[in-house]
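Structural overview
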Amino acid sequence: MTKAHDGCFEAILNNLDALVYVADMESHELLFLNRYGRHLYGEPAGKKCWQLLQAGQTGPCSFCSNPLLVDAHGEPAGVHVWEIQNTRNLRWYECRDRAMRWEDGRLVRVEVAIDITESKRIKEELAAAKLRAEALAHADELTGLDNRRAFVSRGLQLFHHASRHGRAISVIMFDLDHFKLINDTHGHYVGDRVLIAVANNVRPLVRESDILGRLGGEEFALILPETRLSEALNVAERLRATIADILIENGEALIRCTSSFGVAACDHGSKDLDEMLCEADDALYRAKEFGRNRVEYCG
Ligand SMILES: Nc1nc2c(ncn2[C@@H]2O[C@H](COP(=O)(O)OP(=O)(O)OP(=O)(O)O)[C@@H](O)[C@H]2O)c(=O)[nH]1
């Protein structure tokens, strides 16, 4: 290798769109820093890597990659790729580090660090957007409760568990009474406010392990794992009374609404979700027939 070659390689390193440096692995002394790095952090002469490249260090960094760059015999062990947020400029870098023998035989760390701040931000935004999209796909747009698809899919898991372990499980369906009249009298927007108020009042009354969904229109349903008929009837009665107490103001008008409930229960997980939704729906139909604002059950 000639001096001319050395100059060429240095010129290439200085023109890279990446930080490149070489540091003695024992003393941490900086032996080389390319122009990209000098532009960011200043001149390396007489400095140790932790003094120039990081902020607030009084010694080698706790995250120094040196131990990962050598094998059990202390010889270069290949490339170590990692990400770090620099403490001086707070930008994120993907670092590719490796140990190598310097021209005088000592071990040095060569690091090539690419600024990934923007791509990391975009990746994080995409991941957050994906989470939001997934949540939206499962949520009823108006009330934020599970939509029918999410309700059924999560409900099937609860029923699977109940059937496998022979556990009790209950289903409650409820439907607002004469809701069409509220829409017709006060308008669809006020009807929406009633549906939201019902969801917000019912949500705090159900357990974390229950699944509460809006199946469509003014029809809601609840699946209660580990719950027998008597307990489910108590829950339904509590929800009925809570909904009957909701008061919605619309200008001068005060709007109340009641709801009818159908409950189905199974002590040993021997029924499936469809079967119990049908039973709860039949009971709900009876509650409507018998005068509304009441709880009926299948048992
Ligand atoms: N505001 C609003 N209304 C809805 C929504 N979805 C369905 N509806 C209305 O809900 C009403 C349901 O009416 P019905 O099925 O006759 O039931 P109901 O008037 O509650 O009568 P009963 O159930 O027999 O007590 C209809 O007027 C639908 O247009 C919604 O998202 N928002």
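The following paragraphs examine the structure supplied in this document. (Residues numbered from 1 in each chain as written. Predicted model: local features only at pLDDT ≥ 70, side-chain atom pairs only at ≥ 80, totals over all residues.)

1. What to know about the overall build of the chain
Worth spelling out the cut-off: Secondary structure is summarised from DSSP: a helix means a run of H or I of at least four residues, a strand means a run of E of at least two, and numbering begins at the N terminus for each. Whether a residue is buried, exposed or partly exposed follows from its count of other C-beta atoms within 10 Å of its own C-beta, namely 20 or more, 12 or fewer, or something in between, respectively; the C-beta atoms are built from the backbone. The contact criterion used here is simple: two residues whose C-beta atoms, placed from the backbone, lie within 7 Å are in contact.
For the chain, the helix and strand inventory stands at nine helices and 12 strands. Within the chain, the proportion of its 299 residues that are buried is 29%. Looking at the chain alone, contacts between residues at least 24 apart form 57% of all its contacts between residues at least 6 apart.

2. As for the site of the ligand
Note the cut-off: Using a C-beta atom placed from the backbone, a residue is scored as near a molecule or strand whenever that atom is within 6 Å of it.
Near the ligand you find 16 residues, and of these Asp177, Phe179, Lys180, Gly191 and Gly217 are the closest. Breaking the shell around the ligand down by element, the ones donating at least two residues are β6 (169-176), α6 (179-186) and α7 (188-202). Looking at the shell around the ligand, the element that brings in the most residues is α7, giving four residues.

3. Focus on the nonpolar core
The test is simple: By convention the nonpolar core is taken to be a set of buried residues drawn from Ala, Val, Leu, Ile, Met, Phe, Trp, Tyr and Cys and joined through C-beta atoms within 7 Å.
The biggest cluster of nonpolar side chains holds 44 residues, and the ones touching the most others in it are Val171, Ile172, Ala236, Val263 and Ala280. Residue contributions to this core peak at seven residues, all from helix α9 (residues 273-289). In contact with Ala280, not counting residues within four places along its chain, are Val171, Ile172, Met173, Gly262, Val263, Ala264 and Cys298. Listed in part, the 18 residues of the second largest apolar core include Leu19, Tyr21, Ala23 and Val108.

4. Looking at the packing of α6 against α7
Put simply, the rule is: Only C-alpha atoms enter the line fits that serve as axes; for helices the fit covers just the stretch in contact. Angles between N-to-C directions range over 0 to 180 degrees. Each angle receives one of four descriptions, namely roughly parallel if under 35 degrees, roughly antiparallel if over 145, roughly perpendicular if within 65 to 115, and oblique otherwise.
For the pair α6 and α7, the least separation of the axes is 6 Å and the interaxial angle reads 135°. Taken together, α6 and α7 sit at an angle that is classed as oblique. Listed contacts from α7 to Phe179, Ile182, Asn183 and His186 of α6 are His188, Val190, Gly191 and Val194.

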